[in-house]
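# Coordinates in review
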Amino acid sequence: MLSKTVEASLNAQIEVEASSSQFYLAMASWAENEGMNGVATFLYRHSDEERDHMLKLIKYVNERGGHAEIPPLEKPPKKFSSLKAVFEQLFEHELEVTNQIHGVVDLCLQEKDYTTHNFMQWYVSEQIEEEALARTILDRLNLIGNDKGGLYLFDRDIENLAQNG
Ligand code: FEO
């Protein structure tokens, strides 16, 4: 059975994952409108993954005798100044998500909720991968700079980068 405080922190995490999904969906729609179909595909898929992260939390909370709450969502930005700005914001966002997850893990230890602590380890590992992937993408974009040919290849290859990253 979840304590009320752990339940509340998991519900807050549900909102974080839902907002991430919505944020990346907005980025995907922007990229698609800019003609960057590879980037859009990558971001649509990333948005779906965040929804899966949210669902996994919802199911866990309900299984453990809590009540998962479905949060309202803020409208994400419609426009982004550049492709690099998109991935900078994505990286910053993931760093915040990692902090939130570590906050939940801390609380689990304080409350001696070792079951939820164990469940949250999946998220801790996932964040290591997500941060590394965002860093790899940003490094590539820094190398490319404003080179149009480089950006074309980046858009074509980003899916492989995601698979190998
Ligand atoms: Fe669900 Fe990108 O963290």
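Below is a short write-up of the structure.

## Quick notes on the packing of aromatic side chains
One pass over the structure, following the stated rule, counts eight aromatic pairs. Geometrically, the ring pair formed by F119 and Y123 is tilted, given 5.6 Å between the ring centres and 55 degrees between the ring planes. Taken together, the positions of F119 and Y123, both in helix α4 (residues 114–144) and four residues apart, correspond to about one turn of that helix. Note on accessibility: F119 and Y123 belong to one class, buried. Cluster of aromatic residues (ring-pair linked, three or more members): F23, Y24, W30 and F80. Over the ring of W122 we find K56; its NZ or CZ atom is 4.4 Å from the centre of that ring.

## Focus: the nonpolar core
Core analysis: the biggest nonpolar cluster contains 25 residues, and M27, V39, L43, L83, F87, I137 and F154 have the highest contact counts within it. Elements represented by at least two residues in this core include exactly α1 (4–33), α2 (37–63), α3 (83–110), α4 and α5 (148–164). In this view, L83 contacts W30, M36, V39, L141, L151 and F154; residues no more than four positions away in its chain are not counted. Core analysis: the second largest hydrophobic core is formed by 21 residues, I58, V61, V97 and V104 among them.

## Let's talk about α1
When the terminal C-alpha atoms of α1 are compared, their 44 Å separation across 30 residues agrees well with the 44 Å that a helix rising 1.5 Å per residue should span. Of the residues trailing α1, G35 is marked for its positive phi of about 80 degrees.

## Thoughts on the pattern of salt bridges
For the structure on display, the rule yields three salt bridges. A salt bridge links E88 to K84, with the shortest nitrogen-to-oxygen separation between them at 3.8 Å. On the criterion of helical spacing, the pair formed by E88 and K84 is a turn pair, its members being four residues apart in helix α3. Here R156 ties to D157 by a salt bridge, and the two come within 3.2 Å at their closest N and O atoms. Judged by relative accessible area, which is 54%, R156 ranks as exposed. Take D157: its relative accessible area is 28%, and that puts it in the partly exposed class.

## Some points on α2
Its 27 residues place the ends of α2 39 Å apart at the C-alpha level, agreeing with the 39 Å of an ideal helix rising 1.5 Å per residue. In the stretch just after α2, G65 is the one whose phi turns positive, near 85 degrees.

## A closer look at unusual backbone geometry
In this model, K112 sits at a positive phi of 55 degrees, which is unusual for a non-glycine residue. You can call K112 exposed: its relative accessible area is 59%.

## Quick look at the environment of E49
Here E49 is to be found in helix α2. Linking E49 and S21, residues 28 residues apart in sequence, is a C-alpha distance of 7.5 Å.

Each value, and the rule that gives it
- Residues numbered from 1 in each chain as written.
- Predicted model: local features only at pLDDT ≥ 70, side-chain atom pairs only at ≥ 80, totals over all residues.
- Heavy atoms only, no water.
- Phe/Tyr/Trp six-rings, centres within 6.5 Å; stacked < 30°, edge-to-face > 60°.
- Helix = DSSP H or I, 4+ residues; strand = E, 2+ residues; numbered from the N terminus.
- Buried < 20%, exposed > 50% of the residue type's maximum accessible area, 1.4 Å probe, protein only.
- Lys NZ or Arg CZ within 6 Å of the ring centre and 35° of its normal.
- Core = buried A, V, L, I, M, F, W, Y, C linked by side-chain atoms within 4.5 Å.
- Contact = heavy atoms within 4.5 Å.
- Expected span 1.5 Å × (residues − 1).
- Salt bridge = Lys/Arg side-chain N within 4 Å of Asp/Glu carboxyl O.

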